[in-house]
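# A closer look at the structure
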Amino acid sequence: QVQLQESGPGLVKPSETLSLTCTVSGGSISGYYWSWIRQPPGKGLEWIGYIYYSGYTNYNPSLKSRVTLSVDTSKNQFSLKLSSVTAADTAVYYCARHVEAYGHFDYWGQGTLVTVSS
Amino acid sequence: DIQMTQSPSTLSASVGDRVTITCRASQSISSWLAWYQRKPGKAPKLLIYKASSLESGVPSRFSGSGSGTEFTLTISSLQPDDFATYYCQQYNSYLTFGGGTKVEIK
């Protein structure tokens, strides 16, 4: 059974860079697309971007200027960096797998809360 | 962006009830729609993809229908394990989600 686990700091200061890693177990990262999705408190789910195992990326235009995704196939991990964060970036961040670039998500992580505060 | 609107936002129901959740797209998305169940502290779970295809292992009391701009998720007989929040997601153009429907105990 494929499992995804998000990890990273739960508190980030304004203007700094948020960094999260998703570790994939029970399956290979190869052959799939991997996304980050977030949900701010009281708001809806927002897709941040995806990375293919080969390293190809596609970002939500609303966040594109601040987002960088990367993948490490040797560790079965992929990562998110979101720069210049503000309180509006406070959210539960999820990682998820999809088979097609624009597709449904068949496996998700449990999510991790990241708070932006000084 | 394609906007997804779910209704209702909250639904109170009893065990055994038939429950229907609606999701409307701001433009046609063909059948490129998925439904998820989310419980607090747990990973969201895929229920339905391509509007009406049941994910493997999901109970048959869950069903999806619709195409174009209007879609429904139906739970034929609500079970105790089904009290959760449900989300729709379109994947016709980029990836966007509905606002969620919380199914709570009546």
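A brief structural summary. Owing to the predicted nature of the structure, the values given are computational and were not obtained by experimental measurement.

### Points about the interface of chain A and chain B
Taken residue by residue, the interface counts 19 residues in chain A and 16 residues in chain B. Its largest share of buried area at the contact with chain B, chain A owes to A:Tyr102, A:His104 and A:Trp108, together 36% of the area lost on that side. The interface formed by chain A and chain B includes zero salt bridges. Secondary structure elements with two or more residues in the side of chain A that touches chain B: strand E4 (33–39), strand E6 (57–59), strand E9 (91–98) and strand E10 (105–108) of chain A.

### Some remarks on empty space enclosed by the protein
Within the structure shown, the criterion is met by one cavity of 30 Å³ or more. The calculated volume of the largest cavity comes to roughly 40 Å³. In this structure, the largest cavity is lined by A:Trp47, A:Asn60, A:Pro61, B:Asp1, B:Tyr94, B:Leu95 and B:Thr96. Tallied by class, the residues present in the lining of the largest cavity amount to four nonpolar, two polar and one charged.

### Observations concerning the state of the cysteines
Counted by the stated rule, this structure contains two disulfides over all chains. Two residues share a disulfide in this structure: A:Cys22 and A:Cys95, whose sulfurs sit 2.1 Å from each other. The chirality of the disulfide connecting A:Cys22 with A:Cys95 is right-handed, given an S-S dihedral of about 65 degrees. Placement of A:Cys22 in strand E3 (residues 18–25) and of A:Cys95 in strand E9 is noted, with a sequence separation of 73 residues between them. The two residues A:Cys22 and A:Cys95 agree in class, both being buried. At a sulfur-sulfur separation of 2.0 Å, the disulfide partner of B:Cys23 is B:Cys88.

### Remarks on the sheet that holds strand E1 (residues 4–7) of chain B
Residues and elements named next belong to chain B. With respect to topology, four strands assemble into an open sheet ordered E1-E3-E8-E7, the strand pairing being antiparallel. The sheet is open, and its two borders are formed by E1 and strand E7 (62–67), each paired with just one other strand. Pairwise comparison of adjacent strand axes, ignoring direction, gives a mean angle of 15 degrees for this sheet. For strand E3 (residues 19–25) and strand E8 (residues 70–75), the ladder comprises six bridges, and the chain directions are antiparallel. Counterpart to Ile 21 in the pairing with E8 is Leu 73.

Basis of the calculations
Residues numbered from 1 in each chain as written. Chains lettered and ligands numbered in written order. Predicted model: local features only at pLDDT ≥ 70, side-chain atom pairs only at ≥ 80, totals over all residues. Heavy atoms only, no water. Contact = heavy atoms within 4.5 Å. Buried area = accessible area lost by both parts, 1.4 Å probe. Salt bridge = Lys/Arg side-chain N within 4 Å of Asp/Glu carboxyl O. Helix = DSSP H or I, 4+ residues; strand = E, 2+ residues; numbered from the N terminus. 1 Å grid on protein atoms, 1.4 Å probe; cavity = no way out; pocket = protein on both sides within 12 Å on 5 of 7 lines; lining within 4 Å. Points joined across faces, edges and corners; volume = space filled by probe spheres on them. Nonpolar A, V, L, I, M, F, W, Y, C, P; charged D, E, K, R; others polar. Disulfide = S-S within 2.5 Å. Buried < 20%, exposed > 50% of the residue type's maximum accessible area, 1.4 Å probe, protein only. Pairing = 2+ DSSP bridges. Axes fitted to C-alpha atoms, helices over the stretch in contact; angles between N-to-C directions.

The analysis is restricted to geometry; functional conclusions fall outside its scope.
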